[in-house]
Amino acid sequence: MNHLISIEDLDRAAIERILDRAESFAEIAGREIKKVPALRGRTVVNLFYESSTRTSSSFELAAKRLSADVVSVRSTGSSVEKGESLRDTVQTLSAYEPAAIVIRSPHAGAARLLAGWTDASVVNAGDGKHEHPTQALLDVFTLRRRLGRLDGASIWIVGDVLHSRVARSNILAFQRMGAKVTVCGPPTLLPRGIEALGCAATPTLERLGEADVVYVLRMQRERMQEAFIPSLREYAERYQIGVGRLRTGQLLMHPGPVNRGVELSADAIDSPVSLIGEQVRAGVAVRMAVLYELLVGAAAPAVAA
Ligand code: ASP
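Residues numbered from 1 in each chain as written. Predicted model: local features only at pLDDT ≥ 70, side-chain atom pairs only at ≥ 80, totals over all residues. Heavy atoms only, no water.

Engineer: Sorry, what's going on with the packing of aromatic side chains here?
Structural biologist: Where two aromatic rings form a pair, the distance of their centres and the angle of their planes describe that pair. A full pass over the atoms with the stated rule returns 3 aromatic pairs. On the basis of an interplanar angle of 65° and a centroid distance of 6.1 Å, the ring pair of F174 and Y215 is categorised as edge-to-face. Pair noted here: F174 is in helix α6 (residues 165–176) and Y215 is in strand β8 (residues 213–216), with a separation of 41 residues, a long-range link. Owing to a relative accessible area of 0%, F174 belongs among the buried residues under this scheme. Here the aromatic rings of Y235 and Y239 are separated by 5.4 Å at their centres, their planes lie at 25°, and the arrangement is stacked. Taken together, the residues span about one helical turn, with Y235 and Y239 both in helix α7 (residues 232–239) at a distance of 4 residues. Here Y235 and Y239 have matching classes, each one buried. (Phe/Tyr/Trp six-rings, centres within 6.5 Å; stacked < 30°, edge-to-face > 60°. Helix = DSSP H or I, 4+ residues; strand = E, 2+ residues; numbered from the N terminus. Buried < 20%, exposed > 50% of the residue type's maximum accessible area, 1.4 Å probe, protein only.)

Engineer: Is there a simple way to think about the side chain of T55 in this case?
Structural biologist: Checked against the element boundaries, T55 lands in helix α2 (residues 54–65). Residue classification places T55 among the buried residues on the basis of a relative accessible area of 5%. Setting aside its immediate chain neighbours within four residues, T55 contacts F48, R104, A125, H132 and R287. (Contact = heavy atoms within 4.5 Å.)

Engineer: Before we go on, may I ask you to explain the nonpolar core in this structure?
Structural biologist: Within soluble globular proteins, side chains that are nonpolar generally end up buried alongside one another. In terms of nonpolar packing, the biggest core is built from 65 residues, with F25, L137, L143, I157, F174 and L291 touching the most fellow members. Among the elements that take part in this core, helix α9 (residues 276–295) stands out by supplying 11 residues, more than any other. Those residues in contact with L143 that sit more than four places away from it in its chain are G148, L150, I155, F174, V213, L251, M253 and L275. Among the nonpolar cores identified, the runner-up in size contains 23 residues, and Y239, I241, I269 and I276 belong to it. (Core = buried A, V, L, I, M, F, W, Y, C linked by side-chain atoms within 4.5 Å.)

Engineer: Can you walk me through the pattern of salt bridges in this structure?
Structural biologist: For the structure on display, the rule yields 18 salt bridges. The shortest N-O distance in the salt bridge between R165 and E50 comes to 2.8 Å. Within this pair, whereas R165 is found in helix α6, its partner E50 is found in the loop between β1 (43–48) and α2, the two being separated by 115 residues in sequence. Like E50, R165 is buried. Taken together, the salt bridges that share partners define one network made up of E50, R165, R218, E222 and R223. (Salt bridge = Lys/Arg side-chain N within 4 Å of Asp/Glu carboxyl O.)

Engineer: Would you mind showing me how to read the site of the ligand here?
Structural biologist: Contacts to the ligand come from R104, H132, R165, V166, R218, Q220, P255, G256 and P257. Contacts to the ligand include Q220, whose side-chain N or O atom sits 2.7 Å from an oxygen atom. A class-by-class count of the residues in the shell around the ligand yields 3 nonpolar, 3 polar and 3 charged. (Near = heavy atom within 4 Å. Polar contact = N/O pair within 3.5 Å; in protein donor to acceptor, adjacent residues only side chain to side chain. Nonpolar A, V, L, I, M, F, W, Y, C, P; charged D, E, K, R; others polar.)

Engineer: Please clarify how helix α1 (residues 12–28) should be interpreted in this entry.
Structural biologist: Spacing of three or four residues puts side chains on the same side of an α-helix, whose turn is 3.6 residues. Between its first and last C-alpha, α1 extends 25 Å over 17 residues, near the 24 Å set by a 1.5 Å rise per residue. Within α1 the residues assigned to the buried category are A14, I15, I18, L19, R21, A22, S24, F25 and I28. (Expected span 1.5 Å × (residues − 1).)

Engineer: I keep staring at the sheet that holds strand β4 (residues 121–127) and nothing clicks. Help me out?
Structural biologist: Within a sheet, adjacent strands bond to each other through the backbone by hydrogen bonds, running parallel or antiparallel. Here we have 4 strands laid out as an open sheet, ordered β2-β1-β3-β4, and parallel in their pairing. Two strands in the sheet have a free side with no partner beyond their single neighbour: β2 (69–74) and β4. Sheet twist, expressed as the average angle between the axes of neighbouring strands with direction ignored, equals 15°. Here 6 bridges tie β1 to β2, and the two strands are oriented parallel to one another. Bridged to N46 within β2 is S72. Lying on the sheet, α9 is in contact with β3 (100–105) and β4; it crosses β4 at an angle near 145°. (Pairing = 2+ DSSP bridges. Axes fitted to C-alpha atoms, helices over the stretch in contact; angles between N-to-C directions.)

Engineer: I tried to follow the sheet that holds β8 on my own but got confused; where do I start?
Structural biologist: An order of β7-β6-β5-β8-β9 is seen for the 5 strands of this open sheet, with the pairing classed as parallel. Only two strands of the sheet have a single neighbouring strand rather than two, namely β7 (200–202) and β9 (251–253). With direction set aside, neighbouring strand axes in the sheet form an average angle of 20°. In this sheet, β7 lies alongside strand β6 (residues 180–184) in parallel orientation, the contact comprising 3 bridges. Bridging across to β7, T182 finds its partner in A200. Sheet strands in contact with helix α5 (residues 133–147) are β5 (154–158), β8 and β9, and its direction is about 160° off that of β9. Sitting on the sheet, α6 is in contact with β5, β6 and β8, with an inclination near 175° to β5.

Engineer: Please clarify how the packing of α5 against α9 should be interpreted in this entry.
Structural biologist: Helix packing geometry: the angle between the two helix axes and the distance between the axes. Between α5 and α9, the shortest axis-to-axis distance is 8 Å and the interhelical angle comes to 115°. Two packed elements cross with a definite hand, and for α5 against α9 that hand is right-handed. Where α5 approaches α9, its residues T134, Q135, L137, L138, D139, F141, T142 and R146 are matched on the opposing element by E278, Q279, A282, G283, V286, R287 and V290. Its residues assigned to classes, the contact of α5 with α9 shows 6 nonpolar, 5 polar and 4 charged. (Left-handed = near helix turned anticlockwise from the far one by under 90°.)

Spatial relationships are all this shows, so hold off on functional conclusions.
Written out as structure tokens, the structure is:
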């Protein structure tokens, strides 16, 4: 495997291999010296053309913990702001002979395009409303740790499915791991034909009690050019997940950043059933495992000391 652009690039065995490796990297995070020499002498470029907190910081930390040299470029403050095209930027950065380029872009398909212009391995860190495969992997990692396995689990993905790259990657990844997925949200925020991905779709929370896991999505207001809902207040009334809407035993997830009081109530975010903190913690180990898989290879031994 040269690139990670989409969850479709991974079969179940590849996902499990990455997660097993992430477990060994998570163990390294508990050590005093949190580094392994796996990528010593190699360069990882992080190219972020859209805002990010969790994904950019965890990719940077992941590459550093693997001992790579890391260059992080954000569109603000770089020549991208001066109008340099993605292709020219990549050509410039190619002078450093990067082993991997991690890219986040507001444009669906940007990561795939980039893979055609460089010899480096490309990791998609979110391309428009298309995909965010490493988010899906860290979510599967978090759930696998909690549930043991995802086979047969019912996972509801609630909210702005239409604009969410996380929804697309997670529907694919959860199903690949044997879970049943239902998407739920206002009809205007459910893509037409979404069932073709293998999931069920419903516009109401009536049967939310069936879910083992409730995965809530952020309202992607930056991607909305028109009004998809009457008002945020009305949306919150009908779809906001609070502790009162969850039954005992259900687990709650959200990829962050959360719009407190919109898709999630404050009590839910901080409740004991929330896995949000664990999702963030999983990010570094899972992204280390992805870089390792691409740059060192699937055949390498499970623990890199
Ligand atoms: N952080 C995730 C993403 O970049 C989710 C979100 O922004 O709502 O897609």
